[in-house]
Number of protein chains: 2
Amino acid sequence: MATYAKGVFLLSIGDELLDGRTQNTNASWIGEQLRLAGIPVAEVRCVSDRLDDIVRALEEGRNYPIVVSTGGLGPTNDDRTLEGAALAFGRPLKATPESLEHVRSRYEARKLELTEIRLRLANLPEGARVLQNPTGTAPGVELTEGSTTYFFLPGPPNECRPIFTADILPMAKVKVAEKRLVRRETWRTFGKGEGEIYARVEKVVAHFEKHYPETFVFGVHIAFPGIDLTLEVWDVTGHPMPPPAEVEAACKEIGEGLGPLCFTRER
Amino acid sequence: MATYAKGVFLLSIGDELLDGRTQNTNASWIGEQLRLAGIPVAEVRCVSDRLDDIVRALEEGRNYPIVVSTGGLGPTNDDRTLEGAALAFGRPLKATPESLEHVRSRYEARKLELTEIRLRLANLPEGARVLQNPTGTAPGVELTEGSTTYFFLPGPPNECRPIFTADILPMAKVKVAEKRLVRRETWRTFGKGEGEIYARVEKVVAHFEKHYPETFVFGVHIAFPGIDLTLEVWDVTGHPMPPPAEVEAACKEIGEGLGPLCFTRER
């Protein structure tokens, strides 16, 4: 039986992400924030505004500790994220005093009337919590289902980023603590292809991958016009990590193997 | 039981896509090519280089007519796409005369020695077909499993794009013909928020969504600093389409509802 990767599941919702009209900058921005905090991303998935696709993705999200979705929270016909959550988890949608107050105050501040369409923004799946959205009208939403915490953020980057920073990142640091990055080294090379570069470091890499399969990750990443090599050591609950002195020796060996092909090294 | 969207499943493989180091331009470029050809994308999924994640994604790909994966075909330790296919479909990896010839000729042209690491590129899942890769060394791979055609392309854009254009797009036009775009209209607006814009067109949209749920799609897309509305009519086998005259009348009604908020209309 295939196991699930440890980490955060990012779900991006919207037709425009599938057909190349919109670059998925929400996922890459959130991914980068998590990387800088040493938290792994397990998967990025983009689905359409179709209800069945949203439901299926949210259901598979139960295999991860944290799901962060963006998009589909607006007032229009193709905003179906919370309807999907209601279906996936059997929680009817309804407004709460807190969500009504959020929506009311946001439209009041903009001196706009609270129409029926706008009031839809206050309908949350039962048991959900409002996350304050300081830059937009739709509230962010947090919902716990089993051992998974779901976050539903608006799609516009200027709305989802502040909520992510304020409400998600701090708890992700605690909740995904079973796997944390403790060391990353990058060698940037130029002048040879992937196969030749890799041959120069293969022995030492194979040794670590054999003995520390869960905590040692070595990646080869084509970064035109060169090749980047990355070594990572992760602290994963219950798995042995390579001792720091051994990692140090391996880094030295990799550096010598690459020789002048490596033009810069980043830590 | 949730149904699966009709269309192409795009699978992007590589750690660097999850943590924001690399924008997933392969998926957006392929998505755009498919959109311009009127072919829907059902889902975009990015997974790490972890074997279990690759296997699970390929297994779920069986619910789609075409799966296009990019990445993970190189010679290094983190290139596991074909190993994943071998596991998912129970087809051992081995070199064929065709794949050996592809790899041999590519390295010969570059005057590079055919090392053991490089020869790994010729190992394909049993029954797979080589797709010529004119700009790189790793062959593209085509594999049919049940009613699904899987395409495995190298990750570098200059390698995957020519293979996509030559070998995938023409067959996708035939194979995904059960759902084809026949009309798309876009209204670009400026000056009002999503809720207000949508209220102006809601009645006519609701009418079509009720009567043609499978073939009529209306989308609202925040495209800073404005809002884009898109109407699409799809020809889906077995489902009635709105008659052209009715669509024409609806477009007129939408245009009038938006009034001067619409600054340009695209077809």
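Residues numbered from 1 in each chain as written. Chains lettered and ligands numbered in written order. Predicted model: local features only at pLDDT ≥ 70, side-chain atom pairs only at ≥ 80, totals over all residues. Heavy atoms only, no water.

Engineer: Describe the sheet that holds strand β12 (residues 262-266) of chain B, with residues and values.
Structural biologist: Residue and element names in this part refer to chain B. Across the sheet, four strands lie side by side as β10-β11-β9-β12; this open sheet has antiparallel pairing. Edge positions in the sheet fall to β10 (216-223) and β12, since each has one partner strand and no second. Strand after strand, the sheet turns through a mean of 20 degrees between neighbouring axes, direction not considered. Sheet analysis places strand β9 (residues 179-189) next to β12, joined by four bridges and oriented antiparallel. Among the inter-strand pairings, T186 is bridged to a residue of β12, identified as E266. Docked against the sheet, helix α10 (residues 244-258) engages β9, β10, β11 (226-236) and β12, running at close to 15 degrees with respect to β9. (Pairing = 2+ DSSP bridges. Helix = DSSP H or I, 4+ residues; strand = E, 2+ residues; numbered from the N terminus. Axes fitted to C-alpha atoms, helices over the stretch in contact; angles between N-to-C directions. Contact = heavy atoms within 4.5 Å.)

Engineer: Any details on the relation of the copies chain A and chain B? Residues and values, ideally.
Structural biologist: Between the two copies of this chain, the relationship is a rotation about some axis together with a displacement along it. You can overlay chain A on chain B at an RMSD of 0.0 Å; the transform is a turn of 180 degrees with a shift of 0.0 Å along its axis. The superposition operator between the copies reduces to a two-fold rotation axis. Residues of chain A ranked by C-alpha distance from the rotation axis are headed by R45 of chain A, positioned 2.2 Å from it. (Least-squares fit on C-alpha atoms with pLDDT ≥ 70 in both.)

Engineer: An account of the side chain of E142 of chain B is needed here, citing residue identities and associated values.
Structural biologist: Residue and element names in this part refer to chain B. Position of E142 among the secondary structure elements: in strand β7 (residues 140-145). Its relative accessible area of 14% is what places E142 among the buried residues. Beyond its immediate chain neighbours, meaning those up to four positions away, E142 contacts A128, R129, L131, T149, Y150 and F151. (Buried < 20%, exposed > 50% of the residue type's maximum accessible area, 1.4 Å probe, protein only.)

Engineer: Could you give an account of empty space enclosed by the protein, naming the residues involved and the relevant values?
Structural biologist: Inspection of every chain in the model, using the stated rule, returns four cavities of 30 Å³ or more. For the largest cavity, the calculated volume is near 200 Å³. What lines the largest cavity is a set of 17 residues, among which N24 and C46 of chain A together with N24, V44 and C46 of chain B lie closest to the centre. If you list the elements that add at least two residues to the lining of the largest cavity, you get α1 (15-18), α2 (25-36) and β2 (41-47) of chain A together with α2 (25-36) and β2 (41-47) of chain B. Residues of the lining of the largest cavity, tallied by class, amount to nine nonpolar, eight polar and no charged. (1 Å grid on protein atoms, 1.4 Å probe; cavity = no way out; pocket = protein on both sides within 12 Å on 5 of 7 lines; lining within 4 Å. Points joined across faces, edges and corners; volume = space filled by probe spheres on them. Nonpolar A, V, L, I, M, F, W, Y, C, P; charged D, E, K, R; others polar.)

Read these as geometric descriptors, not functional statements.
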